[in-house]
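Report on the structure
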Amino acid sequence: LTSAPPLQLAENYFKLYPRESDPIWGNPCDDVRHQKIWSKNKSCDSLPKFLVIGPQKTGTTALSTFLSLHPSIASNVPSPTTFEEIQFFNAQNYLRGLDWYMSFFPSDTNSLTRYFFEKSATYFDGELVPRRVHALLPYAKLITILISPAKRAYSWYQHTKAHRDNVANNFSFHQVITASDAATKDLRDLRNRCLNPGKYAQHLERWMSYFPQASIHIIDGDQLKSNPIEVMNELQKFLKITPFLNYTEHLRFDKRKGFFCQVKEGSTKCLGRNKGRQYPPMEERSLKYLQRYYLSHNTALVKLFNKNGIRLIPKWLKEDLSDQN
Ligand code: A3P
């Protein structure tokens, strides 16, 4: 009996099962046999209990900052290679494997920390993300924030402009969102990053095909801005976290910033200048264009909420749906 050399065998195998060439990491803690052969210094606690999945520009940084004020909650440890977000499940980082991911959640950092989480705002609309998250963290809770998709698109445009992105500097917001498929790749890419994450129903449906609705908590981003204390109270109930933190002692509205900020030694510590930016209001024609563009998506979102008994119908959603003239 002869066999091909290992490399050739592997090539043959992946030709037969092409889907399997894309790895999918399972959880070693879900199987005693796997756990038994695992190194002694690995711990099932070194994984997050919940994820803030985005989308970008909806207030995800404010939310994770507020969450980290809780004595039992900690975000992943920072890493020089990943900057602010780990972006494990959506990007090339996934190929770095499980040990790499787990190194962000050291189980011995602080015995008070019982709830690790990570926030990567691009998870929300990543095609492969729900499947990958479910394979590794099937019992994780997921938190998403929704604002008017039109405003989200505009905020993203302003964000790229502030980062001196060439396309954002050379094209107006209206030119970006109305760019056709014949436009240059750079322009189409920016258009897509402005528009695609805001197709909320389609992304949420993908998450819901892997996770039960009871594991997904949806926050109205406008409420996060105007009444974060209430949002944090609801969130603590959803996460079943103890002790219950009284956020009235930790968050205060800062008139200069125009947002709620963390109370630190009697004064307020707000997020940096790149969060809660000052920029001119969106042109009326862009707003109308986007409300029409998102009409079917927003209608699908209301249907999805109704179908799943989600009672949240945010004010922005009603407004986007009614201002159609
Ligand atoms: P703008 O800068 O366009 O106003 P993210 O952190 O997901 O990138 O979201 C950034 C957005 O968070 C900001 O967008 C801002 O409107 C919103 N936000 C919500 N609460 C905030 C807070 N307390 N401080 C600063 N920005 C906040």
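In the annotation of an unreviewed UniProt entry, the entry for the protein reads [heparan sulfate]-glucosamine N-sulfotransferase, and the organism field reads Dendroctonus ponderosae.

A sheet is described by the order of its strands in space; here three strands give the open sequence 6-7-8, paired in antiparallel fashion. A strand with exactly one partner marks an edge of an open sheet, and here the two such strands are strand 6 (251–254) and strand 8 (267–269). Ignoring strand direction, the axes of neighbouring strands in this sheet form an average angle of 60°. Where strand 7 (residues 259–264) and strand 8 come together, three bridges link them in antiparallel fashion. From the neighbouring strand, Lys 264 faces strand 8, where its bridge partner is Ser 267.

So, about helix 13 (residues 284–293). Taken together, the buried positions of helix 13 are Ser 286, Leu 290 and Gln 291. Buried residues of helix 13, seen end-on, are gathered within an arc of 130° and therefore sit on one face of the element. Looking at the buried residues of helix 13, the elements they touch are helix 6 (149–162), helix 8 (173–177), helix 9 (185–195), helix 14 (295–307) and helix 15 (315–322).

Those residues of helix 9 not exposed but buried are Leu 187, Leu 190, Arg 191, Cys 194 and Leu 195. The buried residues of helix 9 all sit within an arc of 125° when viewed along its axis, so they share a single face. Summarising the geometry of helix 9, the exposed residues directed more than 90 degrees from the buried face are Lys 185 and Asp 186. The inward-facing, buried residues of helix 9 abut helix 6, helix 7 (166–170), helix 8 and helix 13.

Looking now at the UniProt feature "binding site: 3'-phosphoadenylyl sulfate" (unreviewed entry) in the protein. Sequence positions flagged by UniProt for "binding site: 3'-phosphoadenylyl sulfate" (unreviewed entry) are, in local numbering, Ser 155, Lys 275, Gly 276, Arg 277, Gln 278 and Tyr 279. For the residues just named, distributed over 125 residues, the greatest C-alpha separation is only 11.7 Å, placing them together at one site. Among the residues just listed, Ser 155, Lys 275, Gly 276, Arg 277, Gln 278 and Tyr 279 line the largest pocket. Along the chain, Lys 275 turns up in the loop between strand 8 and helix 13.

Below, the discussion takes up the layout of surface pockets. Roughly 1100 Å³ of internal volume is contained in the largest pocket. Along the wall of the largest pocket there are 42 residues; nearest its centre are Lys 57, Gly 59, Ser 155, Lys 275 and Gly 276. Of all the elements in the fold, those that place two or more residues in the lining of the largest pocket are helix 3 (60–68), helix 6, helix 11 (221–226), strand 7 and helix 13. A per-element tally of the lining of the largest pocket places helix 6 first, with five residues. In terms of residue class, the lining of the largest pocket is made up of 18 nonpolar, 14 polar and 10 charged. Counted as a void, the second largest pocket has a volume near 450 Å³. Lining the second largest pocket we find 16 residues, and of these His 217, Ile 218, Glu 234, Ile 310 and Leu 312 sit closest to its centre. Breaking the lining of the second largest pocket down by element, the ones donating at least two residues are strand 5 (216–220) and helix 12 (228–239). Element by element, the count of residues in the lining of the second largest pocket is highest for strand 5, at five residues. Looking at side-chain class alone, the lining of the second largest pocket contains eight nonpolar, four polar and four charged residues.

The next thing to look at is the pattern of salt bridges. Oppositely charged side chains can pair when the atoms bearing their charge come close. Per the counting criterion, the structure on display carries 12 salt bridges. Of the charged contacts in the structure, one is a salt bridge between Arg 191 and Asp 181, with a shortest N-O distance of 2.9 Å. Taken together, the positions of Arg 191 in helix 9 and Asp 181 in the loop between helix 8 and helix 9 put the pair 10 residues apart, joining distant regions of the chain. Accessibility expressed as a relative area gives 11% for Arg 191, which makes it buried. Look at Asp 181 and you get exposed, because its relative accessible area is 62%. A salt bridge links Arg 285 to Glu 283; the shortest N-O distance between them is 2.9 Å. The partly exposed category is assigned to Arg 285, whose relative accessible area is 47%. Each of the salt bridges in this network shares a partner with another, and the network as a whole consists of Glu 84, Glu 85 and Lys 119.

In this section: the state of the cysteines. Taken as a whole, this structure holds two disulfides when the rule is applied. Each sulfur of the disulfide joining Cys 29 and Cys 44 lies 2.1 Å from the other. As the torsion about the S-S bond is roughly -105°, the Cys 29-Cys 44 disulfide counts as left-handed. With Cys 29 in the loop between helix 1 (6–16) and helix 2 (32–36) and Cys 44 in the loop between helix 2 and strand 1 (50–54), this residue pair connects regions lying 15 residues apart in the sequence. Look at Cys 29 and you get buried, because its relative accessible area is 19%. Residue Cys 44 is classed as partly exposed on the basis of its relative accessible area of 31%. Along the protein, the cysteines engaged in disulfide bonds are linked according to the scheme 1-2, 3-4 when indexed in sequence order.

Reading the values: rules and limits
What you see as residue numbers is a count from 1 along each chain, following the sequence as written. With pLDDT at 70 or above as the cut-off, local features in this predicted model cover only qualifying residues; side-chain atom pairs require 80 or more to be listed or tallied, and sums for whole chains, interfaces and linings still use all residues. The basis for every side-chain value is the complete set of non-hydrogen atoms in the structure, without hydrogens or water. By definition, two strands form a pair when at least two bridges between them are found by DSSP. Secondary structure elements are taken from DSSP: a helix is a run of H or I of four residues or more, a strand is a run of E of two residues or more, and numbering for both begins at the N terminus. Between N-to-C directions, angles cover 0 to 180 degrees, with each direction set by a line fitted to C-alpha atoms, over the stretch in contact for helices. When a residue's accessible area, from a 1.4 Å probe over protein chains only, is under 20% of the maximum for its type it is buried; when over 50% it is exposed; and in between it is partly exposed. The arc in question is traced by the directions running from the helix axis to the C-beta atoms. Two residues qualify as a contact provided that any one of their heavy atoms is within 4.5 Å of a heavy atom in the partner residue. UniProt positions are given in the numbering used here, feature names are shortened, and annotations may be inferred rather than shown by experiment. A pocket here means an open set of points on a 1 Å grid, computed over the protein atoms alone, that has protein on both sides within 12 Å along at least five of seven lines. A cavity is instead a set of points where a 1.4 Å probe fits but cannot get out; residues with an atom within 4 Å of a point line either one. Grid points are joined across faces, edges and corners, and a volume is the space filled by probe spheres set on the points. Each residue gets one label: Ala, Val, Leu, Ile, Met, Phe, Trp, Tyr, Cys and Pro are nonpolar, Asp, Glu, Lys and Arg are charged, and the others, such as Gly, are polar. A side-chain nitrogen of Lys or Arg and a carboxyl oxygen of Asp or Glu constitute a salt bridge if their distance falls within 4 Å. Counting rule for disulfides: a pair of cysteine sulfur atoms within 2.5 Å.

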